[in-house]
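# Inside the fold
Below are the chains, spelled out letter by letter.
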Amino acid sequence: MKSHVGMEQKVCPVCGQTFDTGTILLDKRLRNTLERKTVTGWDLCPEHAKLWEKGYIALVECDPEKSKFTGGTIKPEDAYRTGRIAHIRKAVAKRIFNVEMTSPVAFVEPGVVDMLEKMQEGETSGD
Ligand SMILES: [Zn+2]
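Please read these numbers as outputs of a predicted model, since none were measured by experiment. By convention here, each chain's residues receive numbers from 1 onward along its written sequence. In view of the model being predicted, local features appear only for residues whose pLDDT reaches at least 70, and side-chain atom pairs are presented and counted only at 80 or more, with totals across whole chains, interfaces and linings using the full set of residues. Note that the side-chain values use all heavy atoms of the structure and ignore hydrogens as well as water.

## Concerning the overall build of the chain
In terms of helices and strands, the chain carries three helices and eight strands. Secondary structure is summarised from DSSP: a helix means a run of H or I of at least four residues, a strand means a run of E of at least two, and numbering begins at the N terminus for each. Going from the N terminus to the C terminus, the chain shows its helices and strands as β-β-β-α-β-β-β-β-α-β-α. The principal-axis extents of the C-alpha atoms in the chain amount to approximately 60 × 35 × 25 Å. Only protein chains enter the accessibility calculation, which uses a 1.4 Å probe. A residue is then buried if its area is under 20% of the maximum for its type, exposed if over 50%, and partly exposed in between. Buried positions account for 32% of the 127 residues belonging to the chain.

This is how it looks when you write it as structure tokens:
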């Protein structure tokens with residue numbers, strides 16, 4: 001049933017979870033256009049927003065066979081997530097991928113997360 005008031009929800013591009021933003025949506029003309037819970041777009045969930053604030057970017061592994069590429073990149077809605085996610089510091093990401101990471105999330109092919117986990121193990125066992 002639609003109403004003129006709804007609870008805003010967004011979808012996290014990192015984990016793909018829908019979450020409440022705490023914002024109340026109002027149809028300005030008071031028409032009953034809103035679902036009780038209405039998804040308005042993409043945003044980081046509280047957990048992943050915190051990691052981004054701390055300087056981490058999320059590498060989300062997706063299946064290149066099942067994801068849709070647009071101009072060489074994958075949009076969040078077209079990513080077929082394998083469920084594996086790695087968080088690495090922006091500076092580390094820059095070193096590995098040789099680009100400045102300006103987005104909190106990057107979609108990567110299978111194998112990249114494995115590689116990073118091995119690298120991080122190497123760093124921690126070194127001391
Ligand atoms: Zn999330």
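Back to the text.
## Some remarks on the pattern of salt bridges
Should the charged atoms of two oppositely charged side chains come close, the side chains can pair. By definition, a salt bridge exists where a carboxyl oxygen of Asp or Glu is found within 4 Å of a side-chain nitrogen of Lys or Arg. Across all of its chains, the model carries eight salt bridges by this definition. Across the pair Lys66 and Asp63 runs a salt bridge whose closest N-O atoms are separated by 4.0 Å. Here Asp63 falls in the buried class, since its relative accessible area comes to 18%. Linking Lys68 and Asp78 is a salt bridge whose minimum nitrogen-to-oxygen distance equals 4.0 Å. Of the two residues, Lys68 sits in the loop between strand E4 (56-62) and strand E5 (69-70) while Asp78 sits in the loop between strand E6 (73-74) and strand E7 (81-89), which places them ten residues apart along the sequence. Classification of Lys68 as exposed rests on a relative accessible area of 51%. Here the residues in one salt-bridge network are Arg84, Asp114 and Glu117, joined through shared partners.

## Remarks on the coordination of the zinc ion
The coordination sphere of the zinc ion, as far as protein atoms go, consists of Cys12 (SG), Cys15 (SG), Cys45 (SG) and His48 (ND1), spread over 2.0 to 2.3 Å. Only N, O and S atoms count as donors, using a 2.8 Å limit from the metal and a wider 3.2 Å limit for Na, K and Ca, and since water is excluded some coordination spheres may look unfilled. By the criteria applied here, four donors are tetrahedral when all angles lie between 85 and 135 degrees, four are square planar and six octahedral when opposite donors are over 155 degrees apart and every other angle lies between 65 and 115, and any other arrangement is irregular. Coordination at the zinc ion comes from four donor atoms whose angles at the metal span 98 to 116 degrees, giving a geometry best classed as tetrahedral. We note that the donor set of the zinc ion lies within a single chain, spaced as C-x2-C-x29-C-x2-H. On the accessibility criterion, His48 (8% relative accessible area) is buried.

## With respect to the side chain of Lys10
Relative to the helices and strands, Lys10 resides in strand E1 (residues 5-11). Only four residue types enter the tally: Lys and Arg on the positive side, Asp and Glu on the negative side; His and the chain ends are excluded. Within the buried core, Lys10 has no salt-bridge partner, and the shortest N-O distance to an opposite charge, that of Glu8, equals 4.3 Å. The residues touching Lys10, leaving out its near neighbours within four places in the chain, are Gln17, Thr18, Phe19, Thr21, Thr40, Gly41, Trp42 and Asp43. Only heavy atoms enter the contact rule, under which two residues are in contact if any of them lie within 4.5 Å.

## As for the environment of Arg31
Relative to the assigned elements, Arg31 resides in the loop between strand E2 (18-26) and strand E3 (37-42). For Arg31, a relative accessible area of 45% translates into the label partly exposed. On a C-alpha basis, the gap between Arg31 and Lys2 in space is 9.1 Å, while along the polypeptide they are 29 residues apart. With residues near it in sequence (within four places) discarded, Arg31 still touches Ser3 and His4.

## Concerning unusual backbone geometry
Residues other than glycine seldom take positive phi values, yet Leu30 does so here, at roughly 55 degrees. Mapped onto the elements of the fold, Leu30 is located in the loop between E2 and E3. Its relative accessible area of 57% is what places Leu30 among the exposed residues. Positive phi, close to 65 degrees, is recorded for Asn98, a residue that is not glycine. In this structure, Asn98 sits in the loop between helix H2 (90-97) and strand E8 (105-108). Overall, the relative accessible area of 68% leaves Asn98 in the exposed class.

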